[in-house]
Amino acid sequence: MDTLLLLTHAEADGAVPKAALEALSAAKALGAPITAGVFGGSVEKAAASLAGTGVAKLLTASGAAFAEPRYATDAAAATALAKASGATVVVCPATSRMVRVMAGVAQRLGGRIDTHVTQLVNEGGPAAVRWYYRQRIEAKLKRKERPWVLLVDPGAYPAPKPEGGAAPAVEAVAVTAPAARTTVSGFRAPSSGEQTIRPEAKLLLVAGAGWTKKQPDGKANPEKAEQLILGFLRASGASLGSSKSLVDQAGEGQKVFEFMSHLNQVGQTGATPRHPKGLATCCHGEEPHVVGWRFIRERRAVNLDPNCGWARGKADVLYVADAFAVMEKVNALLGAK
Ligand SMILES: Cc1cc2nc3c(=O)[nH]c(=O)nc-3n(C[C@H](O)[C@H](O)[C@H](O)COP(=O)(O)OP(=O)(O)OC[C@H]3O[C@@H](n4cnc5c(N)ncnc54)[C@H](O)[C@@H]3O)c2cc1C
């Protein structure tokens, strides 16, 4: 029988990240007892964040050397915790910090790694489910090699509801931090404008290139489009996605929205967000875009063209209407609320 480790970094406040709790839900499906391993500057709140979740034991590696995300120190801490646990299956949240080091950690452990896991299944042994070719093909994998490291994508599972019960027993693991050449001098955010990517939002509003195109009156009105999109985002708290055509316009010297960058792009060459609902506006619904909607559970679109891609089974509801008029009305209703 496999032994399980939930391995994660801590947040700055010493708690376990939400994505790690989601990965814990995935690991619980395997039906084996779970030990947790947490590293970071402080791991003070880690035990409390795992209370009542069924984790019996918590291994920790903490200290100033492990506070900042840095390959050498993170890899050393993660490897030491995995070795101390003796686990044969290591489940991690796919946060950028874990994604960066876990392939190297798997190598140091003499194991194997699989990424972008969306589900773990107990089939008399662990099996991992993930999507290939940009969410077009779903596959189930098993491996003989151990330890098997699995990075679970955030948003694939809800965090477990604490069921009551004690916090796990904590055992500190002594890790000697390796010499580090990298020092962290600060953070620089890629988007200088308004923060429009909100992974926790219930709704994803997608803007397509139609917002900047000539309208039936013969004129383009990107300023009005900007005002309507931002007005909706501010009033609703929705996250903003984009089609590739709209974000690519920057390179073509056309009007672009300052609050939008390639990070907003949804699709084959963009992101695959996991909001419960999505509303596409002025976007055609082409396959390379819609494939990024794989995990959006309820899809609606507003398009002037009754024959657009959304109409061909890609949206649950298509409003054949002018998005300028629709969003103006929606914003007025939100404003009145
Ligand atoms: C290899 C490859 C990878 C790609 N990857 C991606 C990807 O990751 N993501 C992606 O998005 N695309 C991707 N594409 C591009 C994709 O095929 C489409 O070209 C793109 O998604 C089109 O963007 P759009 O719908 O915004 O623009 P358009 O095709 O120009 O559509 C604009 C739409 O707006 C509608 N419209 C105009 N005015 C209004 C109005 N007032 N009210 C309502 N509707 C209106 C029009 O009817 C039209 O349907 C990829 C293409 C290739 C070849």
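Computed from a prediction, not measured in an experiment: that's the story for all the values here.

Undergrad: Talk me through the environment of Val302; I want residue IDs and the actual numbers.
TA: Following the sequence through the fold, Val302 ends up in strand S13 (residues 298–303). Take Val302: its relative accessible area is 2%, and that puts it in the buried class. Measuring from C-alpha to C-alpha, the distance between Val302 and Val247 comes to 19 Å, with 55 residues separating the pair along the chain. With sequence-adjacent residues up to four places away left out, Val302 is seen in contact with Leu279, Ala280, Thr281, Cys282, Tyr319, Ala321, Asp322, Ala323 and Val326.

Undergrad: I'd like to hear about the packing of helix H3 (residues 71–85) against helix H4 (residues 96–109), residue by residue, with values.
TA: One way to put it is that H3 packs onto H4 with a least axis distance of 9 Å and a crossing angle of 55°. For the element pair H3 / H4, the angle class is oblique. H3 and H4 meet at a crossing whose hand is right-handed. Of the residues in H4, those touching H3 at Tyr71, Asp74, Ala75, Ala76, Ala78, Thr79, Ala82 and Lys83 are Arg97, Arg100, Val101, Met102, Gly104, Val105, Arg108 and Leu109. Residues belonging to the contact of H3 with H4 are distributed by class as follows: nine nonpolar, two polar and five charged.

Undergrad: Account for the packing of helix H5 (residues 222–236) against helix H8 (residues 323–336), with residues named and values stated.
TA: Packing of H5 against H8 brings their axes to within 10 Å, and their N-to-C directions diverge by 35°. Judged by the twist between their axes, the crossing of H5 over H8 is left-handed. Between H5 and H8, the residues in contact are Lys224, Ala225, Leu228, Gly231, Phe232, Ala235 and Ser236 and Phe324, Met327, Glu328, Val330, Asn331 and Leu334, respectively. Among the residues making up the contact of H5 with H8, the classes are represented as eight nonpolar, three polar and two charged.

Undergrad: So what's going on with the site of the ligand? Which residues, and what values?
TA: Residues in close proximity to the ligand total 28 residues, the closest being Ala209, Lys213, Gln215, Ser243 and His284. Contacts to the ligand include Thr269, whose backbone N or O atom sits 2.7 Å from an oxygen atom. Here the ligand, which alone exposes 990 Å², has 76% of that area covered by the protein. Every element with two or more residues in the shell around the ligand is listed here: helix H6 (244–248), helix H7 (287–290), S13 and H8. Counted by class, the shell around the ligand contains ten nonpolar, 13 polar and five charged residues.

Undergrad: Talk me through H5; I want residue IDs and the actual numbers.
TA: Along its 15 residues, H5 runs 21 Å from first to last C-alpha, staying within 8% of the 21 Å computed at 1.5 Å per residue. Along H5, the residues classified as buried are Pro222, Ala225, Leu228, Ile229, Leu230, Phe232 and Leu233. Remark: Gly237 follows H5 within two positions and exhibits a positive phi of approximately 75°.

Thresholds, definitions, all that
- Residues numbered from 1 in each chain as written.
- Predicted model: local features only at pLDDT ≥ 70, side-chain atom pairs only at ≥ 80, totals over all residues.
- Heavy atoms only, no water.
- Helix = DSSP H or I, 4+ residues; strand = E, 2+ residues; numbered from the N terminus.
- Buried < 20%, exposed > 50% of the residue type's maximum accessible area, 1.4 Å probe, protein only.
- Contact = heavy atoms within 4.5 Å.
- Axes fitted to C-alpha atoms, helices over the stretch in contact; angles between N-to-C directions.
- Parallel < 35°, antiparallel > 145°, perpendicular 65-115°, else oblique.
- Left-handed = near helix turned anticlockwise from the far one by under 90°.
- Nonpolar A, V, L, I, M, F, W, Y, C, P; charged D, E, K, R; others polar.
- Near = heavy atom within 4 Å.
- Polar contact = N/O pair within 3.5 Å; in protein donor to acceptor, adjacent residues only side chain to side chain.
- Areas by Shrake-Rupley, 256 points an atom, 1.4 Å probe, with all protein chains shown as cover.
- Expected span 1.5 Å × (residues − 1).

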